[in-house]
Amino acid sequence: MKEWKNVWILAEVAQDKISPTAYELLTAGRSLADALGEKLCAVLLGHDVKKFAQDLLDHGADAVYVCDDVSLQHYVDDVYAKTLNGMIQAYKPNKFLLPATNLGRSLSAKTAIFAGTGLTADATEVMINPSDGQMHATRPTFGGNLMATITCARTRPEMCSLRPMSYPKAACVPGKKGEVIEFAFDAEKYTSLAKFLQFIKSEGEGLDLSETDVIVAGGRGLGKAEGFDLLYKLAERLGGAVAASRAPVDNGWIEYRRQIGLTGRTIKPKLYIACGISGQIQHMAGCSGADVIVAINKDPNAPIMKMAHYAVEGDLYEVIPAILETLEK
Amino acid sequence: MHILACVKQTPKSDNVKIDPATGCLIRSGAESAMNPFDEYALEEAVVLKEQLGGQVSVITMGPPAAENVLRDSIARGADKVYQLSDMAFAGSDTWSTSYALAKGAEKINEAQKIDLIICGKQTNDSDTGHIGPQISAWLNWPNAAFVKRVVKADEQCIVVERLTESGTEILQLPYPCVISVVKEISNPRVRSVKGRMAAKRAEVVKWTADDIGADKNKLGIQHCPTRVVKSFSPQRNTNAVVVDGANGKEKAAKLVALLKENKYI
Ligand SMILES: Cc1cc2nc3c(=O)[nH]c(=O)nc-3n(C[C@H](O)[C@H](O)[C@H](O)COP(=O)(O)OP(=O)(O)OC[C@H]3O[C@@H](n4cnc5c(N)ncnc54)[C@H](O)[C@@H]3O)c2cc1C
Ligand SMILES: Cc1cc2nc3c(=O)[nH]c(=O)nc-3n(C[C@H](O)[C@H](O)[C@H](O)COP(=O)(O)OP(=O)(O)OC[C@H]3O[C@@H](n4cnc5c(N)ncnc54)[C@H](O)[C@@H]3O)c2cc1C
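Residues numbered from 1 in each chain as written. Chains lettered and ligands numbered in written order. Predicted model: local features only at pLDDT ≥ 70, side-chain atom pairs only at ≥ 80, totals over all residues. Heavy atoms only, no water.

### With respect to the packing of helix α3 (residues 94–111) of chain B against helix α4 (residues 131–139) of chain B
Residue and element names in this part refer to chain B.
Here is step 1: For the pair α3 and α4, interaxial distance at closest approach is 8 Å and the crossing angle is 55°. Here α3 lies oblique to α4, going by the angle between them. The handedness of the crossing between α3 and α4 is right-handed. Across from T94, W95, T97, S98, Y99, L101, A102, A105 and E106 in α3, the residues of α4 making contact are I131, Q134, I135, W138 and L139.
Here is step 2: The residue inventory of the contact of α3 with α4, partitioned by class, reads nine nonpolar, four polar and one charged. (Axes fitted to C-alpha atoms, helices over the stretch in contact; angles between N-to-C directions. Helix = DSSP H or I, 4+ residues; strand = E, 2+ residues; numbered from the N terminus. Parallel < 35°, antiparallel > 145°, perpendicular 65-115°, else oblique. Left-handed = near helix turned anticlockwise from the far one by under 90°. Contact = heavy atoms within 4.5 Å. Nonpolar A, V, L, I, M, F, W, Y, C, P; charged D, E, K, R; others polar.)

Printed below as a string of structure tokens:
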């Protein structure tokens, strides 16, 4: 297994931009690479993506592997997974971190089978066990009720998808030197019967939930769809995005992609403001990773009033306008 | 159209308890049921059968008691059910689980060609979301995950909408293929009386590792690549700071001051 060396991270590209998860993975990967005394390498897959290589070097990669081909313009699982496995077999990385985004979760799963290796899902922490150099990846399971640490002892690379926002973004040092290695796309081998037809950008207002430090979420306590207007105002004032518990989604007040929780999305912002949300376990599964949770609820006995860091008892229709007013001052 | 839905028996989510002393999961006494995500997967399979004609088969890998979720599948509209049960499967990670399910699917496919496999997005216990994409990898079939809508399905192929963080992607997959679906895909129906009766009588086909021709060196805790080496309860904040005040204004001012002081805004 000695031939398997270096720590890889997948730098996801979406809409012609490097995803912020790439910088988080560079931070996590750096700590692994330093603990092992190995190199940290970023992987770029896509069309017209070579231009991002220097940015990844600037953010701490020692080398960047690029596979740039028009066939990789859109994410088709087979094409990406076969290409990635081609790169794995050619260069033999020791550890491989991918983002636990929608793309990363399905791509890592398929690639792990092609590569014949194990994969930890959606971890929030990774470290190297000093005695044997293995990666210990820790992940929340059972809706956030149980933390589990997973290892992959016998096969390489040890793969792991890492939950967005679990690590801070790596700092940028412009002009850093490093190798850029191009990997040729093999059109004969990296094929799929599936066809990508179209991408439709979501029409929802505001920022994407995974890219923002502040999230203002509303629950059944809003009472009506229009209640979200107030939350959009607060979110806009704080430079954040709007999300919801399941109840408003089920009521059709807001789109499903904004649902936080077990059956929705997991987010990890700096600040999570839960308005009119009771704090059921399935909801908390999606937001308990926030640095700080503020609850605004008129029931002092709602479970969230204990699980939050700051509990504000009151009617959200009174408290939120007052917050906006205070912020104006 | 022959659709295979994959379902797993998992603890009812509100029944999960952790032993505070050991940090381990208390499984005994916890009621189990069909993984909630799989209700959406099965419902979509039944909807497609109703539109296109054909048959819905359901497979589960799990201990003997997991038979219950297969009977429940019949009540929800499935036609044939298969259980993979063998000590050799015990403790499998997703690599081994998906291998076993792919071998089971191959055996079903030999008797009657499968067009489409539908999985849930993830389970509510270990919730990796790996199994759908991984079954497709073993079978070398195309796949799509996070599918939120079937735009079109006919005799040759299926067109689906896949959810991404920034929008929706539309993909066309020829049969046979595998999709993993999010809850938006369907509205699970209530079980009919007729369905419940059928569930009681239904035959559950049971296969061991040998029956599906699985390589035992790829199965179970001894052979699978990953292992859970430690589990513990997460630390939770339970001492919230109560932001008090005479009225909304006072509370708001105090909250904003606290958030600013701690540099959260
Ligand atoms: C398998 C499964 C999966 C689930 N997945 C999810 C999931 O992903 N995400 C999720 O969120 N839920 C999920 N749920 C549902 C979850 O159990 C709760 O039902 C849901 O989170 C409740 O939403 P809520 O807090 O908005 O509503 P409620 O529980 O009804 O709470 C409303 C709160 O608003 C307060 N309130 C009312 N009016 C006001 C006012 N004017 N000002 C201030 N406060 C007010 C009330 O005091 C109350 O605490 C799931 C459930 C199951 C069984
Ligand atoms: C605490 C804990 C953490 C774990 N972490 C990991 C990990 O990081 N990596 C890893 O490889 N393994 C892990 N495992 C092992 C993993 O839980 C098992 O392999 C499990 O049987 C399948 O994974 P899942 O429940 O995550 O399924 P998912 O991949 O989340 O399920 C997706 C869909 O696949 C189908 N499906 C899943 N299981 C079955 C089944 N048994 N029968 C039929 N259909 C099924 C269903 O349609 C389901 O909706 C972990 C186990 C535990 C207890």
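This is not the end of the story, as more comes after the structure.
### Topic: the site of ligand 1
Here is step 1: Among the 27 residues in the neighbourhood of ligand 1, the closest are listed as R220(A), S245(A), T263(A), S278(A) and Q282(A).
Here is step 2: At the site occupied by ligand 1, the surrounding residues belong to chains A and B.
Here is step 3: Side-chain polar atom of T263(A) to a nitrogen atom of ligand 1: 2.6 Å apart, as the coordinates give it.
Here is step 4: One nitrogen or oxygen atom from the side chain of H283(A) is found 2.9 Å from an oxygen atom belonging to ligand 1. (Near = heavy atom within 4 Å. Polar contact = N/O pair within 3.5 Å; in protein donor to acceptor, adjacent residues only side chain to side chain.)

### Quick word on the domain arrangement of chain A
Residues and elements named next belong to chain A.
Here is step 1: Domain annotation for chain A reports domain 1 (7–182) and domain 2 (209–328).
Here is step 2: One C-alpha centre belongs to domain 1, the other to domain 2, and the line joining them spans 31 Å.
Here is step 3: Taken together, the eight residues of domain 1 in the interface contact 10 residues of domain 2.
Here is step 4: With both sides pooled, the region where domain 1 packs onto domain 2 buries about 760 Å², and carbon together with sulfur makes up 64% of that total.
Here is step 5: For domain 1, the biggest contributors to the area lost against domain 2 are G143, R163 and M165; these three give 63% of the whole. (Domains from an automatic or database assignment. Buried area = accessible area lost by both parts, 1.4 Å probe.)

### Concerning the packing of aromatic side chains
Here is step 1: Taken as a whole and judged by the stated rule, the model has 11 aromatic pairs over all chains.
Here is step 2: Taken together, a centroid distance of 5.5 Å and an interplanar angle of 70° make the contact between F185(A) and Y190(A) edge-to-face. An identical accessibility class is assigned to F185(A) and Y190(A); each is buried.
Here is step 3: Ring plane angle 35° and centroid distance 5.1 Å describe the contact between Y82(B) and W207(B), whose orientation is recorded as tilted. In this pair, Y82(B) sits in strand β7 (residues 80–84) while W207(B) sits in strand β13 (residues 204–207), placing the two residues 125 residues apart along the sequence.
Here is step 4: Sitting above the plane of the W4(A) ring, K92(A) keeps its charged end 5.2 Å from the centroid.
Here is step 5: Directly above the ring of W207(B) sits K107(B), whose terminal nitrogen or CZ lies 5.0 Å from the centroid. (Phe/Tyr/Trp six-rings, centres within 6.5 Å; stacked < 30°, edge-to-face > 60°. Buried < 20%, exposed > 50% of the residue type's maximum accessible area, 1.4 Å probe, protein only. Lys NZ or Arg CZ within 6 Å of the ring centre and 35° of its normal.)

### Quick notes on α3(B)
Residues and elements named next belong to chain B.
Here is step 1: With 18 residues, α3 should reach 26 Å at 1.5 Å per residue; the first-to-last C-alpha distance of 26 Å fits that figure.
Here is step 2: In terms of burial, α3 is a largely internal element, 13 of the 18 residues being buried.
Here is step 3: Here α3 starts with a cap whose side-chain oxygen sits 3.1 Å from the backbone nitrogen of W95, and that cap is D93. (Expected span 1.5 Å × (residues − 1).)

### As for the pairing of strand β8 (residues 125–128) of chain A
Residues and elements named next belong to chain A.
Here is step 1: Burial of the side chains of β8 is restricted to one face: V126 and I128 are buried, whereas none of E125 and M127 on the reverse face is.
Here is step 2: Inspection of the sheet shows β8 paired to strand β9 (residues 135–141) by four bridges, in the antiparallel sense. Paired with M127 across the strands is H136, a residue of β9.
Here is step 3: Turn length for the β8-β9 hairpin, with the two strands adjacent in sequence and antiparallel, is six residues, and the turn residue G133 shows positive phi of about 70°. (Pairing = 2+ DSSP bridges.)

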